[in-house]
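Here is what each chain is made of, one letter per residue.
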Amino acid sequence: MGELSQIGFNKPYLTGKEAHYIEEAIHSRKISGNGIYTQKCHHFFRERYSFGKCLLTTSCTDALEMAAILLNIQPGDEVIMPSYTFVSTANAFVLRGARIVFADSRPDHPGINENLIEELITPKTKAIVVVHYAGVACDMDVVMDIANRHHLFVVEDAAQAIDSYYKGKPLGSIGHLAAFSFHETKNIISGEGGMLVINAPQFEQRAEIIWEKGTNRSAFFRGEVDKYNWVDMGSSFLPSEIIAAFLYAQLENLEDIQRKRKQHWQQYEQELSKAILGCIALPTLPEYASNNAHMFYLTCGSGEIRAALIDHLRNNGVNAVFHYLALHKSPFYESRHDRRNLPQTDRYSEHLVRLPLFYELTPIQITKITQLILQFCNSYPN
Ligand SMILES: *Cc1c(COP(=O)(O)O)cnc(C)c1O
């Protein structure tokens, strides 16, 4: 097996401009946060996606923590979210003392089953957090309707959902708040990085204060107040200009990055749907959702099939990986969970496998991977 035949799961893509912009940020001698590159990034997002107020953060985790503070989550409050998600979705609210009420995933997709949300609402419920898994939208009309009728807030965990749409509306523009990630495993990256989007105007002013360590420093720099003071709780959520400069280079190339990733995704789908896979299902996209090609995943018929497929690919130099372990069964939360069964969450947790998907993947490599999968399916005992 030669060096060439090794295909990793992810390879962060560089546009070539990152180092140049970082150097400019350094030479400007304005290296801390909220400088020119931060503003450029905020401007880009507002223009392209008509988001409300945008605030870059050091991670999506931080953006979610800001959301929990903004929503004034108190000990004992309940927050409804899927169990099939990354720990940060839940941790941000647990840090404020919330009880997490996990909802199951959809049978056709790992996103939250919108039809199961309403029965979980109690007088203590404060918020619904949806996760657009693989960049595929949750049914936001249904979610927003439930939230409005029960006076709840909606947070979109849009970590994987950049440049993806629900009925033509950009994800991250629909909930009261939304959190994005620019971690190196996402489509658009800055190493570590994230962003909070504030679509509900009543949160705008306070968001900026929380972002600036609980001070009205931003208002001070705009000349709106004559000194800056400690006015609320907050923390150090804003990234340095070095990170924003890196991110801006990526944003300038967003079209190209997205075009390439979608080509790869479509090639996977075409080559795999030519065959009847039997023991493996392809991803399905609800009619209302666009595809931002964040991820190409398969759902195997059983945990044994998944383990055998991952082995088969690894033995042939391809690194495919599974994804989340269900949070309601985690060592930290199992004893706090109300013991409801979440069968779809368990199924994705045990059966889902992600294939390599990154800019520099070649059509030849993708064909090699799909051939290996077809070969596996043909030989797997049914
Ligand atoms: C990546 C991811 C996060 C965390 O993002 P960070 O920027 O690494 O903090 C949160 N939620 C989901 C669904 C993610 O995929």
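Note that the coordinates shown come from a computational prediction; the quantities given were computed from them, not determined experimentally. (Residues numbered from 1 in each chain as written. Predicted model: local features only at pLDDT ≥ 70, side-chain atom pairs only at ≥ 80, totals over all residues. Heavy atoms only, no water.)

(A) Layout of the layout of surface pockets. One number sums up the size of the largest pocket: a volume of about 560 Å³. Along the wall of the largest pocket there are 30 residues; nearest its centre are Gln160, His183, Thr185, Lys186 and Tyr324. Contributing elements (two or more residues each) for the lining of the largest pocket: helix H3 (60–70), helix H4 (87–94) and strand S12 (352–355). In terms of residue class, the lining of the largest pocket is built from 12 nonpolar, 13 polar and five charged. Counting contributing residues per domain, the lining of the largest pocket is built from domain 1 (18–251) and domain 2 (254–379), each supplying no fewer than three. Of the volumes computed, that of the second largest pocket is approximately 290 Å³. Taken together, 16 residues make up the lining of the second largest pocket; nearest its centre are Asn34, Gln39, Glu208, Ser218 and Arg222. Among the secondary structure elements, those contributing two or more residues to the lining of the second largest pocket are helix H2 (36–49), strand S1 (53–57), helix H6 (204–211) and helix H7 (217–221). Here the residues of the lining of the second largest pocket are counted per class, giving four nonpolar, five polar and seven charged. (1 Å grid on protein atoms, 1.4 Å probe; cavity = no way out; pocket = protein on both sides within 12 Å on 5 of 7 lines; lining within 4 Å. Points joined across faces, edges and corners; volume = space filled by probe spheres on them. Helix = DSSP H or I, 4+ residues; strand = E, 2+ residues; numbered from the N terminus. Nonpolar A, V, L, I, M, F, W, Y, C, P; charged D, E, K, R; others polar. Domains from an automatic or database assignment.)

(B) Here's a closer look at the pattern of salt bridges. Tallied over the entire structure, the rule returns 20 salt bridges. When the shortest N-O distance is used, the salt bridge between Asp256 and Arg259 registers 2.4 Å. Taken together, the positions of Asp256 and Arg259, both in helix H9 (residues 254–273) and three residues apart, correspond to about one turn of that helix. A relative accessible area of 43% means that Arg259 is categorised as partly exposed. In this structure, the salt-bridge partner of Asp338 is Arg340, at a minimum N-O distance of 3.1 Å. (Salt bridge = Lys/Arg side-chain N within 4 Å of Asp/Glu carboxyl O. Buried < 20%, exposed > 50% of the residue type's maximum accessible area, 1.4 Å probe, protein only.)

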